[in-house]
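Notes for the structure review
Residue-level listing of the chains:
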Amino acid sequence: MGRLDGKVAIITGATMDEAGGVGIGGATAQLMAREGARVVVADIQGEGARRLAGSITRSGGQSLGVEADVSKESDILRMVAAAVDTYGGLDILHNNAVASGPDALGKDGDLLSLELSAWERSLQVNLTGVMLGCKHAIPHMLKRGRGAIVNTSSAASLHGDVVRAAYGTTKAGLNSLTQYVATMYGKQGIRCNAVALGLVLTAAVRAAITPEILESLKRHHLTPYVGEPEHAAEAVVFLASDAAAFITGETLVVDGGFSCHVPAFADYMAMAKAPIVATKD
């Protein structure tokens, strides 16, 4: 028996590339399907969403691929309607889509060089898109008498950095929105949580990150490895399942301990491994 048997779920930002690679949304959709959910996968790249849905279906699951830009309310309405019309209702929403293209994250450097268009695109997708997803999914969950929403946040929402102010700030707003949704609809059976993810080695990240930066980031993780899409998926499925029935309004940090230690952790570890050299007075 699966953890999500009989559930209907929507996952945004869920796609599969031509080589069969998936990111966080794709891995989550695959895991939800294996756990018994009927999944609607939505992405601005419609072909990739349909490719993912086809792969899930061939593996024995039930899935539908939908093209959707979550910053457009009309697309959100169509996405939700597709889930309800195809599978008869809605139980789970995973707001995972993020503005990661060259028009947003690609221009999200230091604040003085940040173009207003990049800030606005980040806001439209990372925060407004989540609000719209909740706005149009919750009425169908209320008809069921219960529902679970899981938002993909980021550890970047919890600390300052030298780049990506738009990304981190919109994710911080998402954490707050998570609490508002949980508070507004909790008594009606709706739970809402977020996962603040650290480094996750999706195909896109692997292609963009240099070996030097990756090694530096590894030194700051408390786990002996960095994140994979499957790690994120397991956290999302847990929060969406009945195993988390008493958890709501929370932002669960899933980052291999990257953000929980003192800033000098990696330096201390390096010094501890260094040979002790005796000195003479």
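**Some words on unusual backbone geometry**
Unusually for a residue other than glycine, Arg-164 sits at a positive phi of about 60°. The topology assignment puts Arg-164 in the loop between β5 (147-154) and α5 (165-185).

**Structural notes on the packing of helix α1 (residues 24-34) against helix α8 (residues 229-240)**
For the pair α1 and α8, the least separation of the axes is 8 Å and the interaxial angle reads 55°. One way to sum up the angle between α1 and α8 is to call them oblique. By crossing handedness, the relation of α1 to α8 is classed as right-handed. Each of Ile-24, Ala-27, Thr-28, Leu-31 and Met-32 in α1 lies in contact with α8, whose residues at this interface are Pro-229, Glu-230, Ala-232, Ala-233, Glu-234, Val-236, Val-237 and Ala-240.

**What to know about α5**
Helix length check: α5 (21 residues) gives 30 Å between terminal C-alpha atoms against 30 Å at 1.5 Å per residue, within 8%. Every buried residue belonging to α5 is among Ala-166, Tyr-167, Gly-168, Thr-170, Lys-171, Leu-174, Asn-175, Leu-177, Thr-178, Val-181 and Ala-182, and all of these are buried. Taken together, the buried residues of α5 touch α4 (116-144), β5, β6 (190-197) and β7 (251-254).

**Side note on the pairing of β6**
Along β6, eight of the eight residues are buried, which leaves the element largely enclosed by surrounding structure. Two elements, β5 and β6, share eight bridges in a ladder whose sense is parallel. By the bridge assignment for β6, Asn-151 is matched with Ala-194. With α5 bridging β5 and its parallel neighbour β6, the resulting β-α-β unit is right-handed. Pairing of β6 with β7, which is carried by four bridges, proceeds in the parallel orientation.

**Points about the sheet that holds β7**
The sheet built from seven strands is open, its strands ordered β3-β2-β1-β4-β5-β6-β7 with parallel pairing. Each edge of the open sheet is held by one strand with a lone partner, namely β3 (62-67) and β7. Mean inter-strand twist for the sheet, computed between neighbouring axes without regard to direction, equals 20°. Strands β4 (92-95), β5, β6 and β7 of the sheet are contacted by α8, whose axis makes an angle of about 165° with β6.

**Some remarks on the nonpolar core**
Ranked by internal contacts, the top residues of the largest apolar core, which has 34 residues, are Ile-10, Val-80, Leu-90, Met-141, Ile-149 and Val-181. Contributions of two or more residues to this core are made by β1 (8-12), β2 (38-43), α3 (73-87), α4, α5 and β6. Not counting chain neighbours up to four residues away, the residues in contact with Met-141 comprise Leu-90, Asp-91, Ile-92, Leu-93, Arg-146, Gly-147, Ala-148, Ile-149 and Ile-190. Of all hydrophobic cores here, the second largest spans 32 residues; its members include Ile-11, Ile-92, Val-200 and Ala-235.

**Quick word on the environment of Pro-139**
By the element assignment, Pro-139 lies in helix α4. Take Pro-139: its relative accessible area is 39%, and that puts it in the partly exposed class. Spatially, the C-alpha atoms of Pro-139 and Leu-90 are 9.3 Å apart, while their sequence positions differ by 49 residues.

**Some words on the packing of α3 against α4**
Contact geometry of α3 with α4 gives a least axis separation of 10 Å together with a crossing angle of 35°. The handedness of the crossing between α3 and α4 is right-handed. In contact with Glu-73, Ile-76, Leu-77, Val-80 and Val-84 of α3, α4 contributes Gly-129, Leu-132, Gly-133, Lys-135, His-136, Ala-137 and His-140. Partitioning the contact of α3 with α4 into residue classes produces six nonpolar, four polar and two charged.

Reading the values: rules and limits
- Residues numbered from 1 in each chain as written.
- Predicted model: local features only at pLDDT ≥ 70, side-chain atom pairs only at ≥ 80, totals over all residues.
- Heavy atoms only, no water.
- Helix = DSSP H or I, 4+ residues; strand = E, 2+ residues; numbered from the N terminus.
- Axes fitted to C-alpha atoms, helices over the stretch in contact; angles between N-to-C directions.
- Parallel < 35°, antiparallel > 145°, perpendicular 65-115°, else oblique.
- Left-handed = near helix turned anticlockwise from the far one by under 90°.
- Contact = heavy atoms within 4.5 Å.
- Expected span 1.5 Å × (residues − 1).
- Buried < 20%, exposed > 50% of the residue type's maximum accessible area, 1.4 Å probe, protein only.
- Pairing = 2+ DSSP bridges.
- Right-handed = clockwise from strand over helix to strand, strands pointing away.
- Core = buried A, V, L, I, M, F, W, Y, C linked by side-chain atoms within 4.5 Å.
- Nonpolar A, V, L, I, M, F, W, Y, C, P; charged D, E, K, R; others polar.

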